[in-house]
Amino acid sequence: MNTDAAYELLRQFASPVVAITSHWQGRSNGMISDSAVRASISPRVPRLSVYIHKWHLSHELIWRSGRFTMHLLHQKQLEVVHQLGFISGRDQDKMAAIGHRPGAGGVPILAECYAAFECRVINTMDTGYATHFLGDVTETHRGGGSEILTAPWLRQNLPAEWREAFLANYRHAQEYIDGHAAIQDIRWTGPER
Ligand SMILES: Cc1cc2nc3c(=O)[nH]c(=O)nc-3n(C[C@H](O)[C@H](O)[C@H](O)COP(=O)(O)O)c2cc1C
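These numbers come from a predicted model, not from an experiment. (Residues numbered from 1 in each chain as written. Predicted model: local features only at pLDDT ≥ 70, side-chain atom pairs only at ≥ 80, totals over all residues. Heavy atoms only, no water.)

K.L.:
Please clarify how the site of the ligand should be interpreted in this entry.
P.N.:
Neighbouring the ligand are 20 residues, the closest being Ile32, Ser58, Ile87, Ser88 and Gly89. Between an oxygen atom of the ligand and a main-chain N or O atom of Ile32, the distance comes to 2.7 Å. Going through the elements one at a time, strand E2 (27–33), strand E4 (47–53), helix H2 (57–65) and helix H3 (78–85) are the ones with two or more residues in the shell around the ligand. A total of four residues in the shell around the ligand trace back to one element, the largest contributor, which is E2. (Near = heavy atom within 4 Å. Polar contact = N/O pair within 3.5 Å; in protein donor to acceptor, adjacent residues only side chain to side chain. Helix = DSSP H or I, 4+ residues; strand = E, 2+ residues; numbered from the N terminus.)

K.L.:
Would you mind going over the pairing of strand E9 (residues 130–142) with me for this structure?
P.N.:
Regular strands show a simple pattern: their side chains alternate between the two faces of the sheet. Two elements, E4 and E9, share seven bridges in a ladder whose sense is antiparallel. Bridging from a neighbouring strand, Val50 pairs with Phe133 of E9. The sheet contact formed by strand E8 (residues 115–126) and E9 spans 11 bridges and is antiparallel. Note on E9: the bridge partner recorded for Met125 is His132. Hairpin remark: E8 followed by E9, antiparallel, with three residues in the connecting loop; positive phi at Gly128, about 90°. (Pairing = 2+ DSSP bridges.)

K.L.:
Just to check I follow, could you spell out the nonpolar core for this structure?
P.N.:
Across soluble globular proteins, nonpolar side chains have a tendency to be buried as a group. Ranked by internal contacts, the top residues of the largest apolar core, which has 19 residues, are Ile20, Ile52, Ile62, Phe68, Met70, Phe117 and Phe133. Only strand E1 (18–24), E4, strand E5 (67–72), E8 and E9 provide two or more residues apiece to this core. With four residues, the top contributor of residues to this core is E8. Beyond its immediate sequence surroundings of up to four residues, Phe133 is in contact with Leu48, Ser49, Val50, Ile52, His59, Ile62, Trp63, Phe68, Val121, Asn123 and Thr124. Counting residues in hydrophobic clusters, the runner-up holds 17 residues, among them Val17, Leu73, Val80 and Ala151. (Core = buried A, V, L, I, M, F, W, Y, C linked by side-chain atoms within 4.5 Å. Buried < 20%, exposed > 50% of the residue type's maximum accessible area, 1.4 Å probe, protein only. Contact = heavy atoms within 4.5 Å.)

Structure follows, in structure tokens:
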């Protein structure tokens, strides 16, 4: 298989760019993802899923609490992508500079977003380098904005001064994934008490 060609085609699975917040025992965090998927078409069974790399602080907080809040962002929120998606909460309290209020279980809800979905984890799938989290949506909040931020739009509008850091993070993640592709089949057994 020509893996480069396959990779270019994989990138056509265009997802929204979302902010995912988490909270566990007094610690709040947020990250950016472009791998979020609506996981149900029934209004009576609202579900979302997302895959999160195991080395992220967000992974630890979501795994332990069994909760996350997913935010659709609008196109005037590029700065939030930079604030949450370029460095780890292990190195800096990223939520300190971003307006938010506590939602269920203390998980932050961003003051500004297109929409927020409070989720409770109901299942996970191990992918070796990441965990795919499936969540029941427990609350939905409509925010502001009109045009949703998507991955193709972000690629076209990424400020030039962010590009180097963006690509460096990307390469680092790809190298980790290459070395951790084997499924470990680690089971999530519910939130920590
Ligand atoms: C556009 C964009 C998309 C991203 N998509 C994902 C993703 O789908 N899954 C993931 O684990 N990390 C993704 N990241 C990387 C994390 O957001 C980033 O590494 C973040 O700093 C992790 O923070 P944490 O360690 O505080 O949890 C993405 C970053 C950007 C900028």
